[in-house]
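Listed here are the chains, written in short residue letters.
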Amino acid sequence: MTIMGLIDMPPGRVEGGDVRYRGHSLLEMSERQMQDIRGNDIAMVFQDPMTSLNPVYTIGRQLGEGLRLHRGYTKEQALARAVELLDMVGIPNPEQRVKDYPHQFSGGMRQRVMIAMALACDPDILIADEPTTALDVTIQAQIIELMQEMQEKNGNAIIMITHDLGVVADVADKIMVMYAGRPVEFGTADEVFYDSMHPYTWGLVRSIPEALTDEKKPLTPIKGNPPSLVNVPAGCSFSPRCPYATELCHSKRPEKFVTETGHYSTCHFSHDPAFVRKNAPSTSRTKGGKA
């Protein structure tokens, strides 16, 4: 929301840092400048398709709005492109459905419409917030493949926010693991899956079913519940749920430990190779894949 300039200020606020696009700060741009960027250079697939579409406009009109605004399409050209986009994301009978309203679509189909809308102008950056949550496995794979094809064709970047580690392993080059609103580990996909250094990442990895092995061992869930973001624990925010936490963890926020490759972790003990070797989960690479 910050990248897209959609934080309501006030009461929302950006407390620090910057967001730079092609050398320019997005936080310093006017609303008019951001309107030129939204949907054209940077597009977003919002998490909730039920509330992200306008109920009083047809799907075709909503898909074509960005094309008419940013690309100068006529009404007829925008409608024709809207039909192509619906077909591209797997909506049956797109020539007819382009005339329908959001309430005539299921949740999964609305999500596909949102993805089509985000892809319409071939943006440089696509922010995808849980883009496949409401979709069945077959359509999920099609949407991921579609985004990858678009990326290869246009050379754009995708920022994907998701809880699905299977999707992460399949599409991500670099991964940032976050807990309680803060990054706890960052690195390449291989580093995070196979050489992780943070106990929260270890918990996530241990929660992945091992479908390719014969061993029928139970999953190991992360005990406890995530903290309230208005009452984040002192010290390391993961310490109340961490099986390795010490008094230091409960009282002092850890600093980043950064390796030579840029892989980093915010754990007091990440710098200790013996601690990491002893406690990190054993993971296996599959032939031809990342995980």
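Preceding this section is the structure that the text describes.
Bear in mind the structure is a predicted one, so any value in this text is a computation, not a measurement.

Criteria and thresholds
- Residues numbered from 1 in each chain as written.
- Predicted model: local features only at pLDDT ≥ 70, side-chain atom pairs only at ≥ 80, totals over all residues.
- Heavy atoms only, no water.
- Axes fitted to C-alpha atoms, helices over the stretch in contact; angles between N-to-C directions.
- Helix = DSSP H or I, 4+ residues; strand = E, 2+ residues; numbered from the N terminus.
- Parallel < 35°, antiparallel > 145°, perpendicular 65-115°, else oblique.
- Left-handed = near helix turned anticlockwise from the far one by under 90°.
- Contact = heavy atoms within 4.5 Å.
- Nonpolar A, V, L, I, M, F, W, Y, C, P; charged D, E, K, R; others polar.
- Salt bridge = Lys/Arg side-chain N within 4 Å of Asp/Glu carboxyl O.
- Buried < 20%, exposed > 50% of the residue type's maximum accessible area, 1.4 Å probe, protein only.
- Pairing = 2+ DSSP bridges.
- Phe/Tyr/Trp six-rings, centres within 6.5 Å; stacked < 30°, edge-to-face > 60°.
- Lys NZ or Arg CZ within 6 Å of the ring centre and 35° of its normal.

**Q** Help me understand the packing of helix 3 (residues 59-70) against helix 6 (residues 107-119) in this model?
**A** Remark: helix 3 packs on helix 6, axes separated minimally by 8 Å, with the N-to-C direction vectors making an angle of 25°. In terms of their interaxial angle, helix 3 and helix 6 are classed as roughly parallel. You can see that helix 3 and helix 6 cross each other, and the crossing is right-handed. Listed contacts from helix 6 to Ile-59, Gln-62 and Leu-63 of helix 3 are Val-113, Ala-116 and Met-117. Each residue belonging to the contact of helix 3 with helix 6 can be placed in one class, and the counts come to five nonpolar, one polar and no charged.

**Q** What exactly am I supposed to notice about the pattern of salt bridges here?
**A** A side chain with one charge can pair with a side chain of the opposite charge if their charged atoms come near. With the rule as written, the count across this model stands at six salt bridges. Linking Asp-18 and Arg-20 is a salt bridge whose minimum nitrogen-to-oxygen distance equals 3.1 Å. Of the residues examined, Arg-20 reaches a relative accessible area of 54% and is grouped as exposed. Among the ionic pairs, Arg-97 bridges to Asp-100, the shortest N-O distance being 2.6 Å.

**Q** What should I look at first to understand the pairing of strand 6 (residues 174-179) in this one?
**A** Look at any regular strand and the pattern is simple: side chains alternate between the two faces of the sheet. Going residue by residue along strand 6, you find Ile-175, Val-177 and Tyr-179 tucked away on one face and Lys-174, Met-176 and Met-178 left uncovered on the opposite face. Pairing of strand 6 with strand 7 (residues 182-188) involves six bridges; the strand directions are antiparallel. The residue bridging Ile-175 from the neighbouring strand is Gly-187, located in strand 7. The hairpin formed by strand 6 and strand 7 contains two residues between the paired strands, and Ala-180 there has a positive phi angle of roughly 55°.

**Q** Mind showing me how you'd approach the sheet that holds strand 7 here?
**A** Sheets are built from strands paired through backbone hydrogen bonds, the pairs being either parallel or antiparallel. Taken in spatial order, the four strands of this open sheet run 6-7-9-8, and their pairing is antiparallel. The open sheet has two edge strands, strand 6 and strand 8 (257-258), and neither has a second partner. Lying over the sheet, helix 10 (residues 199-206) contacts strand 6 and strand 7, oriented at roughly 105° with respect to strand 6.

**Q** Whenever I open this one, the sheet that holds strand 4 (residues 125-129) confuses me. Can you help?
**A** Reading across from one edge, 3-4-5 is the order of the three strands in this open sheet, with parallel pairing throughout. Where the open sheet ends on each side, the last strands, each with one partner, are strand 3 (42-45) and strand 5 (157-161). Neighbour-to-neighbour, the strand axes of this sheet turn through a mean angle of 15°, independent of strand direction. Contacts between helix 6 and the sheet are confined to strand 3 and strand 4, with strand 3 contributing the most and set at about 175° to the helix.

**Q** How do you make sense of helix 10 when you look at a structure like this?
**A** Across the eight residues that make up helix 10, a large majority, six, are buried. Residues of helix 10 that are buried make contact with helix 8 (165-171), strand 6, strand 7, helix 9 (189-194) and helix 12 (273-279).

**Q** In this structure, what is going on with the packing of aromatic side chains? I would like to understand it.
**A** For any pair of aromatic rings, geometry is given as the distance between the ring centres together with the angle between the planes. Scanning the entire structure with this criterion turns up nine aromatic pairs. Arranged with centres 6.5 Å apart and planes meeting at 50°, the rings of Phe-193 and Tyr-194 form a pair that is tilted. Taking relative accessible area as the criterion, Phe-193 reaches 7% and is therefore assigned buried. The ring centre of Phe-105 lies 4.1 Å from the NZ or CZ of Arg-97, which sits over that ring. A cation over a ring is seen here: Lys-256 above Tyr-264, with NZ or CZ 4.3 Å from the ring centre.

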